[in-house]
Amino acid sequence: MKSRLGTALRAAVMLLPLPMMIVASSVHGFGQQVWPGDINNNGIVNGVDLLYHGVAEGVVGPQRTETGTDWSAYDTAPAWTGSYIDGLNYNRADVNGKGKVEQRDRRALWQDNYGLEHGAVLPDVFLAGDATVDPVLDVTATVSQVQAGQAIMLDISLGDAQKQVQDFFGITFTLKFNPEHIEDELDEPLWNPEKVKFDLLNNSWLNPTGNEVEAFVQLDNTAGELEVVILRKNVGPTSGHGEIASVMTITEDIIFLEDVNTSFSIDEVKLVDDNLVEYPVAGSVTTVTIQAPSLSGLQASSTQSQEEETGSSEDLRSTDINSETPSHQPIKNNSFNEQHTSTGTITVYPNPVVDRLQARVDSAEEEIVELRLFSAGGQLVRTLPNVQAPQAEMDVSNLPGGNYVLQLETTSGTTVKMISK
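Computed from a predicted structure; not experimentally measured. (Residues numbered from 1 in each chain as written. Predicted model: local features only at pLDDT ≥ 70, side-chain atom pairs only at ≥ 80, totals over all residues. Heavy atoms only, no water.)

A. The arrangement of the packing of aromatic side chains in detail. Under the definition given, this model contains 7 aromatic pairs. When the centroid spacing of 4.8 Å and the interplanar angle of 65° are considered together, the rings of Tyr52 and Tyr84 count as edge-to-face. With Tyr52 in helix α2 (residues 47-56) and Tyr84 in the loop between β3 (74-75) and α3 (103-112), this residue pair connects regions lying 32 residues apart in the sequence. Each member of the pair Tyr52 and Tyr84 is classed as buried. A connected cluster of aromatic rings, assembled from ring pairs, spans Tyr52, Tyr84 and Tyr90. Looking at Arg64, its charged tip hangs above the ring of Tyr74, at a distance of 4.4 Å from the centre. A cation over an aromatic ring shows up here: Lys270 above the ring of Phe126, its NZ or CZ 5.2 Å from the ring centre. (Phe/Tyr/Trp six-rings, centres within 6.5 Å; stacked < 30°, edge-to-face > 60°. Helix = DSSP H or I, 4+ residues; strand = E, 2+ residues; numbered from the N terminus. Buried < 20%, exposed > 50% of the residue type's maximum accessible area, 1.4 Å probe, protein only. Lys NZ or Arg CZ within 6 Å of the ring centre and 35° of its normal.)

Printed below as a string of structure tokens:
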């Protein structure tokens, strides 16, 4: 939407009181072709297009010459009766080209073509709100601290008694988070994720009977973004304020050697009425602390254990901590148990380390399969795969000083050792 026309329009209406006309990214082209799902013709299919679709749902008109939803350019149908406030014709919302704006179009847009691009993408423009005068889309964590592997619950509210929402028909926004702190599930559909789950509230001002609105989500776990769209179901706009939804996320089940703050923020908010007139809404942010497990006395006890095994007070401090996790799984929290492996003792030295970290399995029946080194924040910083030997060496010379966690996968299981540099 970053066109000269869009910028001029936005600058002009910012001088006026609410509401604001939604500025179309369609300056990108009032052309005679349509890509199925890119209703506002800015080069990408996303939540803004779903707002356009919601406004035109149920409208009928001539079919396209060629129907379908494959990602390619189709000649548009003859002009329908009715256009959006930005001048684009309603025929662009007929995603499959069959002559009616309907739910099948919406499924194709959201489940099949979401995120697809063509040509030069013009980013959407979002009317930024001022939290002192405009409604706030507020995200709040129900608890301020959790342990690794636990769920985080977030409450989402829109507006308050002083700054109420007027003429709500639809909204799109993005919930942003740190993907390193949230568990990733690659097998689930991105439009129906389980690890970052969004639920509308029933009995709310927006959804009093549970059937007034519907929500759509798309998860990009790599970027740490959940795009959300909420639309009214052909019942006209509504006004009010208060809680509207909840979000559940599951933190990554890995060891953090120190408390880690993880944030959730709401950004890129676009709230419109049933004419695509846009109202400013302010975003928000909340922070949750992922607590590290108590490690007091762990270093001292592990040093004593190592000296007893070797009969020496040499600085070969080893932490024999079996995490009892399956192979290739994250390091589990709350599983610090001093013990040997089933067939022998694993020794890691020197600890603290300067340049090269040595690992050895003291058993002829066991081998090291792989070494993985994590930072105190849980980020994987080194991997030594396919060792297949009783001993291994990892170069850590260019890593900064601090605490690390070494995960050793052996032929008998997985062991975790705390390392200092």
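B. Quick peek at the nonpolar core. Leu137, Ile156, Leu158, Phe173, Phe198 and Ile230 are the most contacted members of the largest nonpolar core, which has 41 residues in total. Considering every element that reaches this core, the biggest residue donor is strand β14 (residues 260-272), with 5 residues. Leu137 has contacts with Ile156, Ser157, Leu158, Ile171, Phe173, Ile244, Ile266, Val269, Val281, Ala282, Gly283 and Ser284, leaving out every residue within four places of it along the chain. Tyr52, Ala93, Val95 and Val229 belong to the second-largest nonpolar core, a separate cluster that totals 26 residues. (Core = buried A, V, L, I, M, F, W, Y, C linked by side-chain atoms within 4.5 Å. Contact = heavy atoms within 4.5 Å.)

C. The layout of surface pockets, seen in detail. By volume, the largest pocket amounts to about 480 Å³. What lines the largest pocket is a set of 25 residues, and nearest its centre among them are Ile44, Asn46, Tyr114, Glu225 and Glu227. For the lining of the largest pocket, the secondary structure elements donating two or more residues are α3, β8 (170-177), β10 (213-220) and β11 (225-232). (1 Å grid on protein atoms, 1.4 Å probe; cavity = no way out; pocket = protein on both sides within 12 Å on 5 of 7 lines; lining within 4 Å. Points joined across faces, edges and corners; volume = space filled by probe spheres on them.)

D. Inspection of the side chain of Arg232 at higher detail. Its place among the elements puts Arg232 in strand β11. The buried charged residue Arg232 lacks any salt bridge, with Glu212 as its nearest oppositely charged partner at 5.7 Å. Within the structure, the side chain of Arg232 is placed 3.3 Å from the backbone oxygen of Leu206, a separation counted as a polar contact. Once residues lying within four places of it in the same chain are set aside, the contact partners of Arg232 are Phe168, Phe169, Leu206, Glu212, Val213, Pro237 and Thr238. (Lys, Arg positive; Asp, Glu negative; His and termini not counted. Salt bridge = Lys/Arg side-chain N within 4 Å of Asp/Glu carboxyl O. Polar contact = N/O pair within 3.5 Å; in protein donor to acceptor, adjacent residues only side chain to side chain.)

E. Geometry of the sheet that holds strand β21 (residues 391-395). Reading across from one edge, β17-β18-β21 is the order of the 3 strands in this open sheet, with antiparallel pairing throughout. Each edge of the open sheet carries a strand with a single partner, namely β17 (346-349) and β21. Between one strand axis and the next, the sheet turns by 15° as a mean value, whatever way the strands run. In this structure, strand β18 (residues 356-361) lies alongside β21, joined through 5 bridges in antiparallel fashion. Its bridge partner lying in β21, Arg356 is registered against Asp395. (Pairing = 2+ DSSP bridges. Axes fitted to C-alpha atoms, helices over the stretch in contact; angles between N-to-C directions.)

F. Layout of the packing of α2 against α3. At a minimum axis distance of 10 Å, the contact between α2 and α3 shows a crossing angle of 175°. Considering their axes alone, α2 and α3 lie roughly antiparallel with respect to each other. Seen from α2, the contacting residues are Gly47, Asp49, Leu50, His53 and Gly54; seen from α3, they are Asp105, Arg106, Leu109 and Trp110. Taken together, the residues that form the contact of α2 with α3 break down as 3 nonpolar, 3 polar and 3 charged. (Parallel < 35°, antiparallel > 145°, perpendicular 65-115°, else oblique. Nonpolar A, V, L, I, M, F, W, Y, C, P; charged D, E, K, R; others polar.)

G. Quick look at the environment of Leu226. Tracing the backbone through its elements, the reader meets Leu226 in strand β11. Here Leu226 falls in the buried class, since its relative accessible area comes to 1%. Separated by 53 residues in the primary sequence, Leu226 and Phe173 have C-alpha atoms spaced 8.4 Å apart.

H. Inspection of the side chain of Asp38 at higher detail. Tracing the sequence through the fold places Asp38 in the loop between β2 (33-34) and α2. Buried within the structure, Asp38 lacks any salt-bridge partner; Arg92 is the closest side chain of opposite charge, at an N-O distance of 5.3 Å. Contacts of Asp38, omitting those with residues within four sequence positions, involve Gly43, Ile44, Val45, Asp49, Trp71, Arg92 and His118.

I. Quick look at α3. Among the residues making up α3, those that are buried are Asp105, Arg106, Ala108, Leu109 and Trp110. Buried residues in α3 make contact with α2, β10 and β11.

J. Quick look at the sheet that holds strand β6 (residues 151-158). The 4 strands lie next to each other as β4-β6-β13-β9, forming an open sheet whose pairing is antiparallel. Edge positions in the sheet fall to β4 (137-141) and β9 (196-200), since each of these pairs with one other strand and no more. Neighbour to neighbour, the strand axes of the sheet diverge by 25° on average, direction disregarded. With 5 bridges connecting them, β9 and strand β13 (residues 242-250) associate as antiparallel partners. Looking at β13, one finds that Val196 is bridged to Thr249.

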